[in-house]
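Summary of the model geometry
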Amino acid sequence: SAEVFTDSPSGKYKTVVTSGALLDAVSNLSQAYSLGITVDASTRTNVGAFNDSDGTNEINADVYSAAGTLLSTVTLTLPAKSWAQVAVSTNVTNGYIRWRTSALAYCYAVVVDNLSNDGTFIPGAEYAQ
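Residues numbered from 1 in each chain as written. Predicted model: local features only at pLDDT ≥ 70, side-chain atom pairs only at ≥ 80, totals over all residues. Heavy atoms only, no water.

Our next topic: the overall build of the protein chain. Scanning the protein chain from terminus to terminus reveals zero helices and twelve strands. Listed N to C, the secondary structure of the protein chain is β-β-β-β-β-β-β-β-β-β-β-β in terms of helices and strands. Its C-alpha radius of gyration of 15 Å places the protein chain within 12% of the 14 Å reference for a compact globule of 129 residues. A total of 129 residues make up the protein chain; the buried ones form 41% of that total. Taking contacts inside the protein chain between residues at least 6 apart in sequence as the whole, the part at least 24 apart equals 71%. Side-chain charges of the protein chain comprise 6 positive and 11 negative groups, with the mean position of each set lying 2 Å from the other. (Helix = DSSP H or I, 4+ residues; strand = E, 2+ residues; numbered from the N terminus. Rg over C-alpha atoms; globule rule 2.2 N^0.38 Å. Buried < 20%, exposed > 50% of the residue type's maximum accessible area, 1.4 Å probe, protein only. Contact = heavy atoms within 4.5 Å. Lys, Arg positive; Asp, Glu negative; His and termini not counted. Charge placed at Lys NZ, Arg CZ, Asp CG, Glu CD.)

Take a look at the structure:
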């Protein structure tokens, strides 16, 4: 993947090109992560998910620092075939999210420049050993 950007007085304007599949399905049997998470005075991050199961799905976004310290957990409890997006309130710089679900879901983060409102979509990517 690649990102082209320009900094301006109105914030960072960017274009992100992602290679490969847009979204990996995340299940309770897989490990998935979203990298490059930042929340500070100039940047915000939202996490979201679509519940692809036929029942209620608890989706946890564990927010980690760049050093690997667990900072907080954002929980989405979604009815069947529904989606939601919420803000990450914990300050973090270049951290990551580890996704945990109780059933099949499509998970993502969006990191947004507060001045320009340009966002970077970061899908939950399954970790393969």
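Moving on, we get to the pattern of salt bridges. Under the definition given, this model contains three salt bridges. We note a salt bridge from Asp 54 to Lys 81, for which the minimum N-O separation is 3.9 Å. Of the two residues, Asp 54 is situated in the loop between strand S5 (43-51) and strand S6 (57-64) and Lys 81 in the loop between strand S7 (70-78) and strand S8 (83-87); the sequence distance between them amounts to 27 residues. Taking the relative accessible area as the measure of exposure, Lys 81 reaches 44% and is therefore partly exposed. With a closest N to O distance of 2.6 Å, Asp 62 and Arg 100 form a salt bridge. With a gap of 38 residues between them, Asp 62 in strand S6 and Arg 100 in strand S9 (residues 92-101) connect regions that are remote in the sequence. (Salt bridge = Lys/Arg side-chain N within 4 Å of Asp/Glu carboxyl O.)

Turning our eyes to something else, we now look at the pairing of strand S11 (residues 119-123). Regular strands show a simple pattern: their side chains alternate between the two faces of the sheet. Pairing analysis gives five bridges linking strand S10 (residues 105-113) to S11, with the strands arranged antiparallel. Across the sheet, the residue bridging to Tyr 108 is Pro 123, located in S11. (Pairing = 2+ DSSP bridges.)

Two pairing modes exist for strands in a sheet, parallel and antiparallel, and in both the strands are linked by backbone hydrogen bonds. Across the sheet, five strands lie side by side as S7-S6-S9-S4-S12; this open sheet has antiparallel pairing. The sheet terminates laterally at S7 and strand S12 (125-126), the two strands that pair on one side only. Sheet topology places S6 next to S9; six bridges connect them, and they run antiparallel. Looking at the pairing, Asp 62 lines up with Arg 98 of S9.

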